[in-house]
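Here is how the chains run, residue by residue.
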Amino acid sequence: MLKTSSIEEKLQTAVGSQNLRAAALGDSVCGARPQFVAEPEDEQQLASLLSCANEMSVAVIPRGGGTKLDWGNPPKKAEVLLSTARLDRVLEHAWADLTVTVQAGSTVQALQNTLAQHGQRLACDCLWPDRSTIGGLLSTNDSGVLRLRFGALRDLIIGVTLALPDGTLASSGGKVVKNVAGYDLPKLATGALGTLGVITRAVFRVHPLPHSARTISFSAASLQIMQQHVLCIQDSQLAHTALQVRCAADGQPNADMLFEATEAGISAQESQLRTLLGTTRGEQAAESVWNARQQLWSSADRAVIAKISILPAEVANMAGDLQQIANVQKLPWQMVVQATGIGTLRLDGEPEHLSAAVAQLRAKLEAQGGSLVILHRPNTLASLDAWGNPGDALPLMRAVKQQLDPKGTLNPGRFIGGI
Amino acid sequence: MNRDLLHQFRAIVGASGLFSSLEELHTYECDGLTNFRVMPLAVLLPASTEQVQGIVRICHRERIPFVARGSGTGLSGGALPVQNGIVISLARMNRILEVDLANARVVVEPGVINLEVTGRVQPQQYFYAPDPSSQSVCSIGGNVAENSGGAHCLKYGFTTTHVLGLEVVLPDGSLVHLGGKTLDRPGYDLAGVFVGSEGTLGITTKVTLRVVKRPECIRTLLAAFPSSNEAGAAVSDIIAAGMLPAAIEMMDNLAIQAAEAAVHANYPNCGALLLVELDGPAAEVEALMQSVAEICKKNGAWEIRVAQTDAERALVWKGRKAAFAAMGRISPHYIVQDGVIPRTALPQVLSEITRLSQETGLRVANVFHAGDGNLHPLVLYDRHVAGQEQAAEALSYRILELCLAAGGSITGEHGVGEDKKRMMSKMFSEPDLATMQRVRCAFDPLQLSNPTKIFPTPRMCGEKAGEYVPHPLESAGIAERF
């Protein structure tokens, strides 16, 4: 291992001394404090820094807005924090072609503001859009309620440029919505938690902002009844944009539906929905109900927050299992589940109880082909595995990692199976 | 192929699952792109995942390259056999294994025909959205390999949007599961990488698909314009008005003539025909359809029809879907091209295509997925006229260069295959291609799975990616790198 001073000198050469500073306590990643923070000015500088660190076997942690830096497992090593903050431009909004090219460090909100000037949006309502960056959003594969209608980020991204640890800047995909030339590396980078390369720019297909929007909420006596409503709505010909269920250890479950269309279209659908719901009353609700997922993070220092995924028709059963497990461990819980079967769960309680509950619930979910991924946990539970069972594709995932980051420079140990 | 190996293969698939005589092999020497032909050593038709694994293990042990094949309808030579290799046909693995409508999932074997998926879920008002024109004969496995699109992917997305999980036999014969019935399985999105990899990463033996509820109302509008310019302007206005139709298709006069001759779709004889389909809740569709009609009128449409019945709608689509094959009515031979441009570049690219057509004296018919800028120029020629075939091929590649110059792609849905690999280095840089090949090496270090496709210059796995140094002849402009 080289001396710190020698490492610093080399990193400075790669990125310029003005763009490298000593890391502060606030730059820590899951308790690990890096030595340096680098803020390259452009893609080339970013690639040089990465290759320089790679050559010296110095671990690099990419950081966008830092909002989800604690997702994944703690890094085995964290020497350089690589910030994309300065790569923050929207490079090209080809509004008439419904595409946008944006640098990784742009915040999601800044991008949305640019798109809104032409009545468009990136159809992804992520967490903390004013601070989250495009690179971080992609790397963590965050998705919100719009996913039901518009798909996940994998369905919105059409091109990517990655800086690989050896300094290669590689693009794949393109700037057109329809394109099957070459491998789909935008999908590989999405959700890879920055373990294969650092995303420096992305191209998205964008969607028109809706003419009008209306939210209708309703409640049900039990999760079983709510499940029947949700399945019935999903099996109908309504063209809603979003459908979420909010539930907790105590109290009735509530559902929220978002309609986005012309006024005439919305009114017709609202009346169809009322017919479907029968005696259950739907009320128009405020837009703020769509913040429910993000609100799970408020005062969550001692909580575990996890992303769960299950078949949509199994949500009520899963919630039954959850209730049972939580009762035994005496843990209050809250959950926001989308009609896609993806939910965000918050459990509060003592660390040992949380840890046991997560293990039990994960086992139940995995037995049904689902998954539980930890997004947030108390510091005392840092060793609790974030990912769960990787399945039989783990050797293949390791082989992909080996090809693109053979020295394990990027985010070592943070991803599934110790990748 | 030596007798011992044939014997081993026969032991896996049975006598009826192995073709090795010349007359049997002829059927498999090409796919839908018939100007490339290679005779395979043998063709195997496994009936199960285990049989596919057994075959691939032998290939791995003996270093025999293999090419998976679905229905063989591909248009880029993706299922073209490779020298000294075998073909593995998935045609016998054609069962729909599971229909789970509560979760909108259908699990199929790769040999299932695209339209059969919709056929199975239609009674409950569901459908499988990707609809390539060949959907009545093409297989899901082939769709997965090519990431097939279709007219309705503007709204519904491509094959990759609808494939949630894959069982894959890797090129060493091992079995992996990528993705699954639930969303966002932890780990890399390798299903996303596999879909569209054109058979170069392994063979899929089971596919979990997402099906979609049929919308309450579907309306198809047909508008006749004096030329593609006006039709193109109408498309821009539809998009600018914030609408996302299920499909927007355009055909020029030559394509209309051919389709009319073939299936009598009762199209108006015009410079350019626009076909706009809206779907969704009835009240919404009716409101938006009026706006579409007004936009078309404003842009010079002199005839507008809205299909009133399912039968009328089916006829409108029949004309469009038959457009490629219909070229046979107006030309002895033709090349189907597949390129993509940013939609706004349409007028400029079309006028360039017209110029090239005049320059070469070859007619070009144009069929587009106009909503997403996917062009299908059809270059018409007569093979019996000396030099015309070569001229047509050259023109067809020139069109792709136009697409690239406009910021587009060399293929929107047909794939690179054998046909366009030489265009890949015009679209991507050396580091881009080298990075893709590194991913390939993770799946197939020995490069046995459809090894000669997609990439212009195969890289041996383990070979270090270095900076590209042009050959002196290339630097001097004497030779070109493909």
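Residues numbered from 1 in each chain as written. Chains lettered and ligands numbered in written order. Predicted model: local features only at pLDDT ≥ 70, side-chain atom pairs only at ≥ 80, totals over all residues.

1. Brief notes about the interface of chain B and chain A
(1) Moving on: Each partner contributes to the interface: chain B provides 71 residues, whereas chain A provides 71 residues.
(2) Moving on: Elements supplying a minimum of two residues to the side of chain B that touches chain A: α7 (159–162), β9 (175–179), α8 (190–194), α9 (228–240), α11 (282–298), α16 (421–427) and α17 (430–443) of chain B.
(3) Moving on: Its residues assigned to classes, the side of chain B that touches chain A comprises 32 nonpolar, 26 polar and 13 charged. (Contact = placed C-beta atoms within 7 Å. Helix = DSSP H or I, 4+ residues; strand = E, 2+ residues; numbered from the N terminus. Nonpolar A, V, L, I, M, F, W, Y, C, P; charged D, E, K, R; others polar.)

2. Let's talk about the sheet that holds strand β2 (residues 42–44) of chain B
Residue and element names in this part refer to chain B.
(1) Moving on: On the basis of which strands lie adjacent, the open sheet formed by four strands has the order β1-β2-β4-β3 and mixed pairing. What marks the edges here is a single partner per strand, and that holds for β1 (18–19) and β3 (66–69).
(2) Moving on: In terms of strand pairing, β1 meets β2 through two bridges, oriented antiparallel. Each residue of the ladder has a partner; that of F19, found in β2, is V43.
(3) Moving on: Relative to the sheet, helix α1 (residues 3–13) contacts β1 and β2, its axis offset from that of β2 by approximately 20 degrees. (Pairing = 2+ DSSP bridges. Axes fitted to C-alpha atoms, helices over the stretch in contact; angles between N-to-C directions.)

3. A word on the sheet that holds strand β8 (residues 157–163) of chain A
All names here are of chain A.
(1) Moving on: Strand order in this open sheet of five strands is β5-β6-β10-β8-β9, and the pairing throughout is antiparallel. Because the sheet does not close on itself, it has two edges, and the strands there are β5 (90–94) and β9 (169–173). Here the average twist between neighbouring strands, direction ignored, is 10 degrees.
(2) Moving on: Sheet topology places β8 next to strand β10 (residues 198–205); six bridges connect them, and they run antiparallel. Across the sheet, L162 pairs through a bridge with I199, a residue of β10.
(3) Moving on: Helix α3 (residues 108–116) rests against β5 and β6 (99–103) of the sheet, and its axis sits at about 35 degrees to β5.

4. Focus on the pairing of strand β13 (residues 247–252) of chain B
All names here are of chain B.
(1) Moving on: The buried fraction of β13 is high, at six of six residues.
(2) Moving on: In the sheet, β13 pairs with strand β14 (residues 272–280) via six bridges, with the strands oriented antiparallel. Bridge assignment links I248 to a residue of β14, and that residue is V276.
(3) Moving on: Judged from the three bridges that link them, β13 and strand β18 (residues 364–369) form a sheet pairing that is antiparallel. Opposite M250, over in β18, you have F368 as the bridge partner. (Buried ≥ 20, exposed ≤ 12 C-beta atoms within 10 Å, placed from the backbone.)

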